[in-house]
Structure formats: C-alpha cells, structure tokens
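Listed below are the residues making up each chain.
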4 protein chains.
Amino acid sequence: MTTSLLLLAGLLGAALVLRRQLGRARLQQVIFESDTPAGRSFDLALLAAIVLSVLVVGLETDAGLHRQFGTQFRVLEVLFSVLFSFEYLLRLLCSPQPLRYARSFLGIVDFLSSIPTLAALGATGSQPLAVIRIVRLLRVFRILKLGNYLQEAQTLRNALIASRRKILVFLLTMVTLVVIIGALMYVIEGPASGFTSIPVGIYWAVVTITTVGYGDVAPITPLGRITASVVMLLGYSIIAVPTGMITAELSQASRSAAALPSKPCGRCGQSHHARGARFCHQCGQSLIGAS
Amino acid sequence: MTTSLLLLAGLLGAALVLRRQLGRARLQQVIFESDTPAGRSFDLALLAAIVLSVLVVGLETDAGLHRQFGTQFRVLEVLFSVLFSFEYLLRLLCSPQPLRYARSFLGIVDFLSSIPTLAALGATGSQPLAVIRIVRLLRVFRILKLGNYLQEAQTLRNALIASRRKILVFLLTMVTLVVIIGALMYVIEGPASGFTSIPVGIYWAVVTITTVGYGDVAPITPLGRITASVVMLLGYSIIAVPTGMITAELSQASRSAAALPSKPCGRCGQSHHARGARFCHQCGQSLIGAS
Amino acid sequence: MTTSLLLLAGLLGAALVLRRQLGRARLQQVIFESDTPAGRSFDLALLAAIVLSVLVVGLETDAGLHRQFGTQFRVLEVLFSVLFSFEYLLRLLCSPQPLRYARSFLGIVDFLSSIPTLAALGATGSQPLAVIRIVRLLRVFRILKLGNYLQEAQTLRNALIASRRKILVFLLTMVTLVVIIGALMYVIEGPASGFTSIPVGIYWAVVTITTVGYGDVAPITPLGRITASVVMLLGYSIIAVPTGMITAELSQASRSAAALPSKPCGRCGQSHHARGARFCHQCGQSLIGAS
Amino acid sequence: MTTSLLLLAGLLGAALVLRRQLGRARLQQVIFESDTPAGRSFDLALLAAIVLSVLVVGLETDAGLHRQFGTQFRVLEVLFSVLFSFEYLLRLLCSPQPLRYARSFLGIVDFLSSIPTLAALGATGSQPLAVIRIVRLLRVFRILKLGNYLQEAQTLRNALIASRRKILVFLLTMVTLVVIIGALMYVIEGPASGFTSIPVGIYWAVVTITTVGYGDVAPITPLGRITASVVMLLGYSIIAVPTGMITAELSQASRSAAALPSKPCGRCGQSHHARGARFCHQCGQSLIGAS
C-alpha cells in the first residue's frame, strides 16, 4: 500500500513535468485526438497495450498458465498498472475540463482500469477483484474515432433507440411467455427429468426459445417433447420479431439517408432529387449553376 | 374451506365499505386508470405485488428452498391471495360493466389468480394445481397502459395478424417437412442411435430445423450425419422465411406511418397523399395553388 | 397377395357402382372441389383420415406401443389402406383427365399411399418399407384449397424462386467454407477430441455454422476453441445473408402488390394511385365517374 | 522426389506438344472459357475431378477407410495430382498473361493443389500437410462462370462490402461484450462448473450469444443461470442487428435495380429517373412533351 502511494506520487510528478515540457495544448492533441501523426501513433500504442493487458488478465486465470508463468504475469500487470495510471493522470492534467472528463463514461472506465489496480498491487490479489481489470477492454471504443466509424455506430444506436419501445414490449411478452412455459414444463416433466423447480423450467424455456439449446436440461417424456416441439416451432416464429423490428428501422434509416442530402431546387423548391442530379426533375431548373 | 369462505365474506364487506367511503367513480379512477398520481401509484404497487407473488410461486417449487423457507412461503402466499382477492372484488364492485369485466381476458386472469387460490388455502396444496397461480404474471400486461406502449403492442400485433395466413402456410409446410425428415432419419439411424421411433425422429427434426440442437438425440452413422447436414443447411434457408415475412410486414407498416407528414388537403383535410401529388385524391382539390 | 388382389377388384367394382349412382360430374365435384357443402365435408373427413393414419404409422414404430397395441395398429392400417385405395380409384374414375391426374405430383402421392400399402398387406411388413406410408402426409396440402391459402403459398414460392440463384451461390459458398473449416479443425483438434476424420470435421462445421450446436463433437484444445469462436462470430454474420435475401424479395413482392392494382387515369395516364383514391393526384381527373 | 521431377518434366513436354497441336488460342478457349461446347465439357469434367479428389482427401482421413482402401486412395491421389499438374501447366502455357494468371487468387489455388502434392508423392505423406490438398475445393468457384451466377455473387459481395463498416463496429461491440460477459461468468460460476478460466468463459459467451449452445460448458448455479438467461434474451435482440444491416443493404440494392425500367431521356439517354419526374435530371430535357 505504501509503495503504491509512493509510486502514484512519482507518476504524478512525472506527468506534471511532461505537461510543462510539451505544453498542455500539444499534450491534449496527442492524447485526446488522432488527427496528427503523433496522436495516431499514441492511439495505436494504447490499443496494443489495452489488448495485451486484457490478454494477461485472461490468461492469468488459467490454472496451468498461472503455475508456469505466475511471476511474468505479475510483472506485466505491474507494468500495465503503472502505464495506465500514468496515462490517466496525463489525461486528467491536460483535459480542458478535468472534472467533466473524470465523470464521463470513458473517464470512469479509465480510472477503474488504472488507479485501483495500482493500489491493489501490494495486496495479495484476490481473483474476483482482479477480474475488474477486464473493464479495460471498454477503452478500445476510443479507437472508433480513429477510423471515422462514429457515424456507423450512431446509425446502429439510433436504430436500437428508435426500436426501444417495441423491444421493451417484445421483451415483456417474452419474459411472460418464458415463465408460463417454464411452469408448464415443470408440471409436465417433473424433477425426474431434471426440471427440479419452476426456475429451472424457466431457464430451460429461455435456452429453448432463444434456440441456444445446451441440452443440459431436456424433455424426456413424450408429452414434454410434444410441448417442447410446439414451443420451438411457435417460438421460432415469435423470435423473428426483433430481427424484423431492427431491420425495418435500419431500412427506414438508409432510406432517409438516401433521400436527405439533396439541395432543394432554387425555382420550385423540390428537394427529393436522384443522386448526382444536375437538373430539377420537376421544373427543369439547373441545380448547379443557380446557386 | 370454511375459513376461506369466512375470509372471502370479510373481504367483500371491506370492499363494500371502501367503495362507499371513496365513491365508485374515484375508486374506478384509481384502480382502472393510471392518469392520476394515485392511479399510477396503485399500478406500480400492484406490479410489485404480482412480480413478488410469482417469485414466491417459483421459488417454492425448489426442494431446498421449500425445506428451508416453507412456512415463510406459505405466509406470503396467504397474504398475496388475500390481497389479489380483495383487489378482484374491488375491480368487480367499481367497474361500470362488472359482467363485461368478469368475462374479459384480463378479468378471467384476475379471477384465476385470486379466488381459487384463496379457496385452496385450507387444502394441502398439491403442486400441479398450485402452479396455476403462475398465470398471475399475465396481469403485468396491465402496465402497458402505464407507459403508452399500447401503440407499439398494436403495431406488433398487426404485423403478426397481417402475416397470419403466410405463417399458417409456413407452419403447415414445416410440420410436413419435419414429419417426413423424422421418418427418414428413423429409417437411416434406427433405435441404436437413440432414434427409437418415428415420433422421436420428428422431435429430433424439430430440434434440428429450429437450430435449437440439444444433442440428446443426434445422428451417429455417416449417412445419418450427411442427411442431418443437408437438413441443417437447407432447413436454415427455409427458416429464414418467417423472419422475412414479419420484416416485410413491419417495413410496410413503418412506411405507411412515414407517409403521414404530407400537407393536409385544404378542402377535405385528407392528409395521406402520394409523393409529388398535385391534386387531392379524395376530392380533386389542387394541393399547390390553394395554399 | 391373393387376398390383396381380390380386395382391390372388389374396391374397383364398388367405385364403378358409386360412379354410376352419383354421376361422374357430381362425384368429381365432391372429391376434387370444396365449394359445395358435400365437397367441404369430404375434404375435412379426408384430412382427419390422413392425420390419423400418419399418427398410426408413427406410433406403430414405438417398441412399447407396438407390443401393447400391435393388433389394433394392424387393423387400423388395413382400414386406412382400403379407404385410401378406394379413394384413389374414385379419383381416377371421375377425373376428366385420369392420365394427367395419375402423373401429377399429388396423383403419385395418392397412389403411393394407397395401392402399394394395400398390396403389402399380405407380406410381413418390414419396417423400412412400411415407413413409406408416411408420404401420405403430403396429401394434407390439398387442404390449402379449402381456405384460399393458395395465394399466400404462391407469394412464398415466388420469393424463394426469385432468390433461387442467390441461394445457390450462397449454398456453394457455405459448402466450400464448411469443408475448409472442417479440414482445418480436423488438423487442429485431431482424433483425440472426437474429430476422427475430415468428414466428421465437416459435420461439426455444419452443426456450428448453422447455430444448431448439438455438442456431440466440440473443440477441447485452446486453439480449437479460439478457431471455433471465430467461426461462430463470422459465420453468424454470413448466415444472416439468406434471411436478408428472402426478406428483400418478400418486401419487393409486397411493394409490388401494393402498387399494382390501381387503374390508370383516363386523362393523364398516371397509374400509381393511393389505395382508395377517387381523383388522380396528377391532374385532378375523377377516377370513378370517368370510366 | 526424383520420380516427381521426371514426371513433371514429362507433363511439361506433353503440354507443349498439345499446345502446338491445338494452337494457343483454341486451347485457351477450351480451358479458360465456357462458351463453346468443348469449353463447357472441359469445365464439367474438371468440376467432377475436383469434387472426386476432395472426396478422396476427406475419406482418406477416416481410420477405418484408410486401413481398407489405403492403396486405392493412394493411386487415385497420384492420378489427380498428375491431372491437376498437367492442367496447371496447360493454363500457364496458353494464358495470354501467364504471370498475371500465376499471381491471381485462383492461379495460386491451382498451383497449391497440383505441383506441391505432385512433389510430395515420394515422401511418406504426413497428414497435416496432406490436408492442404483440400484447398482444391476453392477451384469450384470457376463454375460460377458456367451459369452466369457472377451477377448474383456480385450483388451479395456488394451488400457485404457496403455493410463493411457497420459489421466492423458490430463485431467490435460483440467481442467486447463477449469478453466482459465471459469474465463475469468466470467469477459467478468458477472452476467447479467447468468455467476454469476467463478464456473458457469467453468461449462459453461466444457459444451462447451466437445461439450455438453446445452444452459442453453450461451454468449450474442459480445466479449463473439467471445471468445466462439475461445474456440469451438481450443477446438475441442484439444479434438481430447483422441480419438487419444486410437485409437493409440488399433491399436497397433490389430497390435500385427496380428503378431501372423508366423511359430513357430523348436527348441524353439517361434512364434512371425519379418516379413522376417531368424533366431529365441530367440535361434538363422535358420528359413529357418530347415524346
């Protein structure tokens, strides 16, 4: 714990020095943006570090690998903790609105994946807590800004938000259906077939109606299998609904996008033109020279 | 049984007193509507009670929990039975058309989840009958009126109803396909691989063609596995059909909804016009010069 | 065999007598059409007989039921064989084009589900041959004419036919993908994990990529599980394609259906009118009085 | 090895002789095109050879078949190697741009499935290397030119390319989701239920969220099953997204194709006009008065 605090103080000092050397604006450009070559390199290096650190967290949980490479994993973990803590301090120091950054979603993720893991270095890492470090992966969403994928993410999010209410009604119907089917199968099959309680029946119904079908709980009696078949066939038709909703929404979005960006005609005001149109199809007015 | 009847009589008396105190109209507003703060609070409390009571019904069937918390479950069940019975009597007493309410779908569900379970309190609850209490969950559909989700539910229902005939033709084809594939696999694999009869083969075909795939019955012989592979690949293409049908229907619906924002006609007020319409298709009024 | 021939001769005689009594036209109306009450009743009775006979074929294969109800099943089977043979002879005798009927798809199904099973009555029914009787189920497609579902079936068939070439390209890609993935997994996992040969690997790939997932063959080694995860995630994206194709086709069909049936305007010839339009939206001409 | 080289030299000589006999142009027509009867026959024979040779590669890996038909498989393999090597040399000799062909995708596949396997004839074929011969199957894509399926393949490829960025964003989200859910389930279930490490948890999450559901790793504890149910229900809604994206893209494509049959402009010949267009959007020519 004491070593962690000393380490943190050292990192803070180094970050302050770096800020003085480079200047706040330049540092912000490198860390928060990706338009400059330096900013792009920083983002790619960070991406590699995140993926590697998550890999270490994951592989460390494997009993065999832990026995063999335990020390190496520990050293790497210390390195990544120091690195991400230093990066978090830098972000905090060069952000124009430090408080707003600290309370943003990615700011909280940055914090959780750096300072606490640094602080826990001294303690003998209990597994469940160590797993929290996996949230680091959420930081890869920063790379979306690298490739201008933000608009695509926006389109998907809009389609999901526009279908929000329909999805809620659908989920409510599904939950009700699944509970009633689960109770029914519990009565039909009984504990002898593995349906030991209604919650287990509900679990089976979810596994079946989403077509996952583990097979750990499955009907054995003829009546149970007939009921299950009906559930599968009808359920399959019902589960087509979310696909339909999101598709309709995305189609709508792509139609709107195809219709939106045309400039209205200067003479008659008609604003739905074919892509690349040079004359208004309603009044023949030139769409290029006129403006 | 006698205690149940006494209890029921007491509840009826209390409900009559409450109706006199509050007035029928006020009581109806609180219980059946959710526009007033009181009505909203009542609905939320009811929702919590329904979810809790279903939880109790479900958890009670778990052998371990039943042994440990048997008495507590029983007490809670008595409480919920009294509560729902009281609520049912209130609904009956304050509804403007009690008979119509009693014969409506939700009215029957309300009855089934209250009075019979109250009556069964004295009897040593046989499990299968007790499970009927799970229908209480259907009552959560009342909350749809809380959030104005009715239109979304309507859209989904319309899409399903409009695809009704197509879904029936599709299901008939599926059932035929599944029976013939099931018989074929029974001949190919035989009892040694678990395909002990044609019905079992049909069960396997349903499990496979809906992509659930438990694995409790699975082909072992080379010929059986080849047939199964063909069934999966072709079946997958066929099962895309219900998704397609519902999607096309929902797209249609959202397109119709999108046709809304056209300017209403100045003479007859008709507001659904084709794109680029120059005359109202209802009354022939010019849509351009008039405004 | 001799009894079968005698029975067949008797049935033919009875059919000829019935044709003389009722008249060919009347008989044809009852058997082939469902517009009259008699025709409808005949179809419903036939539907019940088909479903029952298929049920008997199926249940007979269950070892337990066969031991218990063997004789009853045998009696029922004789009855159904006689019934369907008689019906086939009647159809043949009253059809205006007997040869064309005999060579049509449903005609062949009718033949297979009647005469051969009648002929096999004498022989000690070997199971595999007996299973052919299950084709009787195909005859239920006759009931489509009962409810005017033919148009819906047509729409679905058209969508599948229009996507024919795309589906073939897609299936060719899938088969290639599945063979290469199967060979890859055979090399990675080897016989120790159940991947005993490339064909088994291909079977696994089909089971996985169609999301059926029995679990009878599943990767065990880390590399195999990583490969399998990539196959699942990418495969899932690829398998969305048939759904997309059929949906696009069905959307197209429903759009065309919505646009087709409008009468062109008598003055300007505009033929895309809103449903129920009374005036042309292009020139204001009345669409009703003018014709 | 020496025999292989001698064989290769002999094949080269035979190919050179064949080129002189037939003439380069004629040979190219037969091998690379399928418009002539000879070209079509060559393609069909090649298709049969490819399918047969892949079948041999696959069946050879089965231990039982290998023991029984080992020699026959070996003879067939020699024949196919000689055949494909000869064909590769012919293609190289009659192609107008041999280097460009050799470096094209199908050229490399042709090389890999002929010369190396011929060279390896002498060596005692180690299985993993022998499996490379399965890439021969990729050569079946040549038959796409047989049936003019290229346009369909193009449409599908375009839809996938147009959805490229959306699919990438979607896959990134999926991977993140799957890693976090996998880590969560590892903490909840622990090694006792088979979740021996985070990577195993991630494998389970992929198997579950893609609805494959092997059942080799499945939750046992109540909390694990509840989490799994939520993952399935929510995951199912999310996984509807790629279907939606590709469908919207394919709908868009089929809509564009449907926009074709509009009357071409009398002046510039432009034939893609908006519905109801009165002037050409390319040159401003009136589309109505002119005809």
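Being a predicted model, the structure only gives us computed values, none of them experimental. All chains use their own residue numbering, which begins from 1 and follows the written sequence. Lettering for chains starts from A, numbering for ligands starts from 1, and both go in the order in which the items are written. This being a predicted model, a pLDDT of at least 70 is required before a residue's local features are given, and a value of 80 or more before pairs of side-chain atoms are given or counted; all residues contribute to the totals for chains, interfaces and linings. As a rule here, side-chain values come from all non-hydrogen atoms in the structure, and water together with hydrogens is ignored.

Novice: Mind showing me how you'd approach the overall build of chain A here?
Specialist: Elements are defined by DSSP. Helices are runs of H or I of four residues or more, strands are runs of E of two residues or more, and each kind is numbered from the N terminus. On a plain count of helices and strands, chain A comes out with 12 helices and zero strands. Counting from the amino terminus, helix and strand elements in chain A follow one another as α-α-α-α-α-α-α-α-α-α-α-α. When accessible area is computed with a 1.4 Å probe and restricted to protein chains, residues below 20% of their type maximum are described as buried, those above 50% as exposed, and intermediate ones as partly exposed. Expressed as a percentage of its 291 residues, the buried residues of chain A come to 47%. Note on contacts: a residue pair qualifies if any of its non-hydrogen atoms lie within 4.5 Å across the two residues. Sequence separation of 24 or more characterises 60% of the internal contacts of chain A that already satisfy a separation of 6 or more. Of the accessible surface of chain A, which amounts to about 13,700 Å², a share of 68% is contributed by carbon and sulfur atoms. Each accessible area is a Shrake-Rupley result for a 1.4 Å probe, and residues are judged covered by the shown protein chains and nothing else.

Novice: How should I be thinking about the interface of chain C and chain D in this particular structure?
Specialist: Interface size is commonly expressed as the accessible area that is lost once the parts come together. On the side of chain D, 48 residues touch chain C, which itself brings 43 residues to the contact. Together chain C and chain D conceal approximately 4,000 Å² of surface at their shared face, both sides included; 74% is due to carbon and sulfur atoms. Counting the surface chain C buries against chain D, the share from its top three residues, C:Arg165, C:Leu233 and C:Tyr236, is 16%. Whenever two N or O atoms come within 3.5 Å, that pair is a polar contact, provided that in protein one can donate a hydrogen and the other can accept it, and provided that, for residues adjacent in sequence, both atoms are side-chain atoms. Here chain C is connected to chain D by three residue pairs in polar contact (both at pLDDT 80 or more). Of all the secondary-structure elements, those providing two or more residues to the side of chain C that touches chain D are α10 (164-189), α11 (198-209) and α12 (222-259) of chain C. Broken down by element, the side of chain C that touches chain D gets its largest block of residues, 16 residues, from α12(C). Class assignment for the residues of the side of chain C that touches chain D results in 25 nonpolar, 14 polar and four charged. Summed over both partners, the accessible area lost on bringing two parts together, with a 1.4 Å probe, is the buried area. Amino acid classes used here: Ala, Val, Leu, Ile, Met, Phe, Trp, Tyr, Cys and Pro are nonpolar; Asp, Glu, Lys and Arg are charged; the rest, including Gly, are polar.

Novice: Would you mind going over helix α6 (residues 105-112) of chain A with me for this structure?
Specialist: Given 3.6 residues to a turn, an α-helix orients residues that are three or four positions apart in the same direction. Residue and element names in this part refer to chain A. Within α6, the full set of buried residues consists of Gly-107, Val-109 and Asp-110. The buried residues of α6 all sit within an arc of 165 degrees when viewed along its axis, so they share a single face. In this structure, the buried side of α6 is in contact with α4 (63-94) and α5 (98-103). Note that the arc is computed from the directions linking the helix axis to the C-beta atoms.

Novice: Looking at this model, I keep getting lost on the confidence of the model for chain A. Mind explaining?
Specialist: Detailed reading of the predicted coordinates is not advisable wherever pLDDT is low. Residue and element names in this part refer to chain A. Considering every residue of chain A, the mean pLDDT works out to 81; 81% of them sit at 70 or more. No element of chain A has a lower mean pLDDT than helix α8 (residues 127-130), at 62, and none a higher one than helix α11 (residues 198-209), at 94. Among the prediction metrics, the complex's ipTM stands at 0.82, with pTM recorded as 0.84. As a per-residue measure, pLDDT tells how confident the predictor is, with possible values from 0 to 100.

Novice: Where do I start with the packing of helix α2 (residues 24-32) of chain C against helix α4 (residues 63-94) of chain C in this structure?
Specialist: If you want to describe how two helices pack, look at the angle between their axes and the distance between the axes. All names here are of chain C. Where α2 contacts α4, the two axes come as close as 9 Å, and the packing angle between them is 130 degrees. Taken together, the axis directions place α2 and α4 in an arrangement best described as oblique. Judged by the twist between their axes, the crossing of α2 over α4 is left-handed. Counted together, Arg-24, Leu-27, Gln-28, Ile-31 and Phe-32 of α2 and Leu-90, Arg-91, Leu-93 and Cys-94 of α4 form the full contact between these two elements. Where helices are involved, their axes are fitted lines through C-alpha atoms of the stretch in contact, as for all axes, and angles between N-to-C directions lie from 0 to 180°. To sort the angles, those under 35 degrees are grouped as roughly parallel, those over 145 as roughly antiparallel, those from 65 to 115 as roughly perpendicular, and the leftovers as oblique. Crossing handedness follows the turn of the near helix against the far one: under a right angle anticlockwise gives a left-handed crossing, and clockwise gives a right-handed one.

Novice: In this structure, what is going on with helix α1 (residues 2-22) of chain C? I would like to understand it.
Specialist: Residue and element names in this part refer to chain C. Between its terminal C-alpha atoms α1 stretches 31 Å, which fits the 30 Å expected from 21 residues at 1.5 Å a residue. For α1, the set of buried residues is Ser-4, Leu-11 and Ala-15. Projected down its long axis, α1 shows its buried positions confined to an angular sector of 40 degrees, all on one face. Turned more than 90 degrees from where α1 packs its buried face, Thr-2, Thr-3, Leu-5, Leu-6, Val-17, Arg-20 and Gln-21 sit exposed. Once α1 finishes, Gly-23 follows within two positions and takes phi at roughly 95 degrees, a positive value. How far a helix is expected to stretch is found by multiplying one less than its residue total by 1.5 Å.

Novice: For this particular structure, what's the right way to read the packing of aromatic side chains?
Specialist: For any pair of aromatic rings, the description consists of the separation of the ring centres together with the inter-plane angle of the planes. Residue and element names in this part refer to chain D. Aromatic rings from Phe, Tyr and Trp, with only the six-membered ring used for Trp, were paired whenever their centres fell within 6.5 Å, and each pair was classed as stacked if the ring planes differed by under 30 degrees, edge-to-face if by over 60, and tilted otherwise. Within this structure, the stated rule accounts for 24 aromatic pairs over all chains. Taking 5.6 Å as the distance between ring centres and 90 degrees as the angle between the ring planes, the aromatic pair formed by Phe-32 and Tyr-101 counts as edge-to-face. Here Phe-32, found in helix α2 (residues 24-32), pairs with Tyr-101, found in helix α5 (residues 98-103); they are 69 residues apart in sequence, far enough to count as distant. Ring geometry for Phe-195 versus Trp-204: centroids 5.6 Å apart, planes at 65 degrees, classification edge-to-face.

Novice: Whenever I open this one, the pattern of salt bridges confuses me. Can you help?
Specialist: Charged atoms that come close allow side chains of opposite charge to pair. By convention in these notes, a salt bridge is any Lys or Arg side-chain nitrogen within 4 Å of a carboxyl oxygen on Asp or Glu. In total, this model carries 32 salt bridges over all chains according to the counting rule given. Note that B:Arg139 and B:Glu87 form a salt bridge whose closest N and O atoms lie 2.5 Å from each other. Here B:Glu87 lies in helix α4 (residues 63-94) and B:Arg139 lies in the loop between α8 (127-130) and α9 (150-162), a separation of 52 residues in the sequence. Taking the relative accessible area as the measure of exposure, B:Glu87 reaches 5% and is therefore buried. We note a salt bridge from D:Asp110 to D:Arg91, for which the minimum N-O separation is 3.7 Å. Highlighted residues: D:Asp110 in helix α6 (residues 105-112) and D:Arg91 in helix α4 (residues 63-94), separated in sequence by 19 residues.

Novice: Just to check I follow, could you spell out the environment of A:Thr61 for this structure?
Specialist: Here A:Thr61 lies in the loop between α3 (37-60) and α4. Spatially, the C-alpha atom of A:Thr61 lies 8.9 Å from that of A:Val131, the residues being 70 residues apart in sequence. Polar contacts involving the side chain of A:Thr61 include one to the main-chain carbonyl oxygen of A:Gly58, which spans 2.5 Å. Separated by 2.8 Å, the side chain of A:Thr61 and the backbone nitrogen of D:Ile198 make a polar contact.

Novice: I tried to follow the environment of D:Ala119 on my own but got confused; where do I start?
Specialist: All names here are of chain D. Examined against the element boundaries, Ala-119 turns out to sit in helix α7 (residues 115-119). Exposure remark for Ala-119: the relative accessible area of 30% places this residue in the partly exposed category. Linking Ala-119 and Val-206, residues 87 residues apart in sequence, is a C-alpha distance of 41 Å.

Novice: Looking at this structure, I do not really get the nonpolar core. What am I missing?
Specialist: Note that soluble globular proteins tend to have their nonpolar side chains buried in a common cluster. What makes a nonpolar core is a set of buried Ala, Val, Leu, Ile, Met, Phe, Trp, Tyr and Cys residues whose side-chain atoms join them at distances within 4.5 Å. One finds A:Trp204, B:Trp204, C:Trp204 and D:Trp204 to be the most contacted residues of the largest nonpolar core, which totals 132 residues. When residues no more than four places from it in sequence are discounted, the contact partners of C:Trp204 are C:Ile181, C:Met185, C:Phe195, C:Val217, C:Ala218, C:Pro219, C:Ala228 and D:Tyr214.

Novice: Hey, could you run me through the relation of the copies chain C and chain D in this one?
Specialist: Between the two copies of the chain lies a relationship made up of a rotation around an axis and a movement along it. The copies are overlaid by a least-squares fit using only the C-alpha atoms of residues whose pLDDT is at least 70 in both copies. Each copy superposes on the other: chain C lies on chain D with an RMSD of 0.1 Å after a rotation of 90 degrees and an axial shift of 0.0 Å. Both chain copies can therefore be described as sitting about a four-fold axis.

Novice: Before we go on, may I ask you to explain a nonpolar patch on the surface in this structure?
Specialist: Residues and elements named next belong to chain A. A cluster of nonpolar residues, Leu-52, Leu-55 and Leu-59, forms a patch on the protein surface that exposes about 260 Å² of accessible area. On the secondary structure map, Leu-55 appears in helix α3. You can call Leu-55 partly exposed: its relative accessible area is 47%. By definition, no residue in a patch forms a salt bridge, and every one has over 30% relative accessible area; like charges are joined within 9 Å, nonpolar side chains (Val, Leu, Ile, Met, Phe, Trp, Tyr) within 5 Å.

Novice: For this particular structure, what's the right way to read the packing of helix α1 (residues 2-22) of chain D against α2(D)?
Specialist: Residues and elements named next belong to chain D. The geometry of α1 relative to α2 is characterised by a closest axis approach of 6 Å and an angle of 105 degrees between their N-to-C directions. With respect to each other, α1 and α2 are oriented roughly perpendicular. Every residue of α2 that contacts α1 at Leu-18, Arg-19 and Leu-22 is listed here: Arg-24, Arg-26 and Leu-27. Its residues placed into classes, the contact of α1 with α2 shows three nonpolar, no polar and three charged.

Novice: Help me out: how do you make sense of unusual backbone geometry in this one?
Specialist: Most peptide bonds are trans, and most residues other than glycine sit at a negative phi. In this model, C:Thr211 sits at a positive phi of 60 degrees, which is unusual for a non-glycine residue. The exposure class of C:Thr211 is buried, given its relative accessible area of 4%.

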